[in-house]
Amino acid sequence: MLELRDITAGYDRRAPVVRAVSLTVRPGESVGLLGPSGCGKSTLARVASLLHRPDSGTLTLDGTPVHRWRHRAPRGLRTAVGVVFQQPRLSADPRLRLADLIAEPLRATGRRALAAGRVAELAGPLGLTPDLLGRRPHEVSDGQLQRACLARALVLRPRWLICDEMTAMLDASTTAALVEAVERYRASTGAGLLAVGHDRALLDRWCDRTADWATLTGPAARPHGDRP
Ligand SMILES: Nc1ncnc2c1ncn2[C@@H]1O[C@H](COP(=O)(O)OP(=O)(O)OP(=O)(O)O)[C@@H](O)[C@H]1O
């Protein structure tokens with residue numbers, strides 16, 4: 001279970017952007033998160049990805065409460081969550097060839113020996129040919145780079161996947177390919193998904209259920225935030 005309970009978070013303690021938000025994703029479940037621009041969805045997604053420490057509230061991953069974020073988070077918790085952001089160019093080291101970009105989390109966790117096999121396994125189904133794997137980010141399209149970023153998010157086989165507007169800048173066929181890759185991964189591993197987006201039709205098609213930001217926040221939020 002991925003449980004965000006009464007999360008208050010932001011960039012200035014006096015004016016948090018996320019206020020008392022609760023949201024639960026059950027094992028194997030896919031939950032879409034919809035809300036107006038600027039409401040705090042990405043901030044909440046970063047809290048769930050252990051990238052942003054909340055001012056208050058609790059994040060619990062598979063029964064373990066998280067007490068430390070970013071590089072201070074225990075490796076076992078950090079690697080349990082894979083994350084894909086909206087803009088691949090902001091999250092990709094421009095010096096790395098795509099094969100190395102995908103393998104980066106393996107190197108960072110001392111599992112370099114697994115790199116060749118895991119990259120090959122993920123690249124093919126995502127349409128990343130050997131030619132593309134040898135290029136650097138400035139030599140590929142946004143859609144190709146996002147495919148590599150998704151492969152990077154899956155390379156450690158996380159139990160939870162957070163997709164923050166993963167397809168917002170992409171065309172319909174790339175969107176379909178990325179969603180299909182996520183669903184294939186989830187079908188083979190049982191991983192849970194939190195997909196943040198603006199496109200209700202896409203989230204309704206993709207996810208088991210879609211939660212509206214307005215129902216998750218404030219004192220009116222139900223114990224599990226999004227349950228009827
Ligand atoms: N690093 C930052 N420093 C200061 N303020 C920030 C920072 N990142 C985001 N904000 C502000 O926090 C608020 C919530 O931003 P966030 O990106 O979480 O919203 P969002 O719901 O994901 O928006 P969108 O749908 O437009 O991506 C916004 O007002 C934004 O300007």
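Note that the structure is predicted; figures quoted are calculated from it, not measured.

How each quantity is defined
- As a convention, each chain's residues are numbered from 1 in the sequence order in which they are written.
- Given that the model is predicted, a residue must reach a pLDDT of at least 70 before its local features are reported, and side-chain atom pairs must reach 80 or more before they are shown or counted; all residues, however, enter totals for whole chains, interfaces and linings.
- Helix numbers and strand numbers start at the N terminus; a helix is a DSSP run of H or I with at least 4 residues, a strand a run of E with at least 2.
- As a reference, a globule follows 2.2 Å times the number of residues to the power 0.38, and the radius of gyration itself is taken over C-alpha atoms.
- Here exposure depends only on C-beta density: within 10 Å of a residue's C-beta, 20 or more other C-beta atoms make it buried, 12 or fewer make it exposed, and intermediate numbers make it partly exposed, the C-beta atoms being placed from the backbone.
- Any two residues are considered in contact once their C-beta atoms, placed from the backbone, lie within 7 Å.
- Per-residue confidence from the predictor is reported as pLDDT, which spans 0 to 100.
- Each residue after the first adds 1.5 Å to the expected span of a helix.
- If DSSP finds at least two bridges between two strands, the strands pair.
- Here the axes come from fitting lines to C-alpha atoms, over the contacting stretch only for helices, and the angles between their N-to-C directions go from 0 to 180 degrees.

To continue, consider the overall build of the protein. Scanning the protein from terminus to terminus reveals 10 helices and 9 strands. On C-alpha atoms alone, the protein measures out to a radius of gyration of 17 Å, which is about the 17 Å that the 2.2 N^0.38 rule sets for 228 residues. The C-alpha extent of the protein, read off along each of the three principal axes, is 55 × 35 × 35 Å. Every one of the 228 residues in the protein was classed for burial, and the buried ones make up 40%. The contacts of the protein with a sequence gap of at least 6 include a subset with a gap of at least 24, amounting to 71%.

The predicted model of the protein averages 92 in pLDDT, with 95% of residues at 70 or higher. Below pLDDT 50 for its whole length, residues 222-228 participates in 12 contacts with residues either more than four positions away or in separate chains.

The next thing to look at is the environment of Asp 204. Of note, Asp 204 is situated in helix H9 (residues 200-206). Residues Asp 204 and Val 31, spaced 173 residues apart in sequence, show a C-alpha to C-alpha distance of 9.2 Å.

Along an α-helix, residues three or four apart share an orientation, since each turn contains 3.6 residues. Here helix H7 (residues 142-154) spans 18 Å end to end across 13 residues, near enough to the 18 Å set by a 1.5 Å rise per residue. Taking burial as the measure, the 13 residues of H7 include 11 buried ones, the bulk of the element. All of the buried residues along H7 are Gln 144, Leu 145, Gln 146, Arg 147, Ala 148, Cys 149, Leu 150, Ala 151, Arg 152, Ala 153 and Leu 154.

Let us look at the sheet that holds strand S3 (residues 30-34). Sheets are built from strands that pair by backbone hydrogen bonding, the pairs being arranged parallel or antiparallel. The strand order across the open sheet built from 5 strands is S6-S7-S8-S3-S9, with neighbouring strands paired in parallel fashion. Only two strands of the sheet have a single neighbouring strand rather than two, namely strand S6 (81-84) and strand S9 (209-212). Pairs of neighbouring strands in the sheet enclose a mean axial angle of 20°, with direction left out of account. Pairing geometry for S6 and strand S7 (residues 160-164), over 4 bridges, is parallel. Note that in S7 the partner of Val 83 across the bridge is Ile 162.

Moving on: the sheet that holds strand S4 (residues 56-61). A sheet is described by the order of its strands in space; here 4 strands give the open sequence S2-S1-S4-S5, paired in antiparallel fashion. Both edges of this open sheet fall to strand S2 (18-25) and strand S5 (64-65), since each of them pairs with a single strand only. The pairing of S4 with S5 spans 2 bridges and is antiparallel. Residue Leu 61 lies in a different strand from S5, and its bridge partner there is Thr 64.

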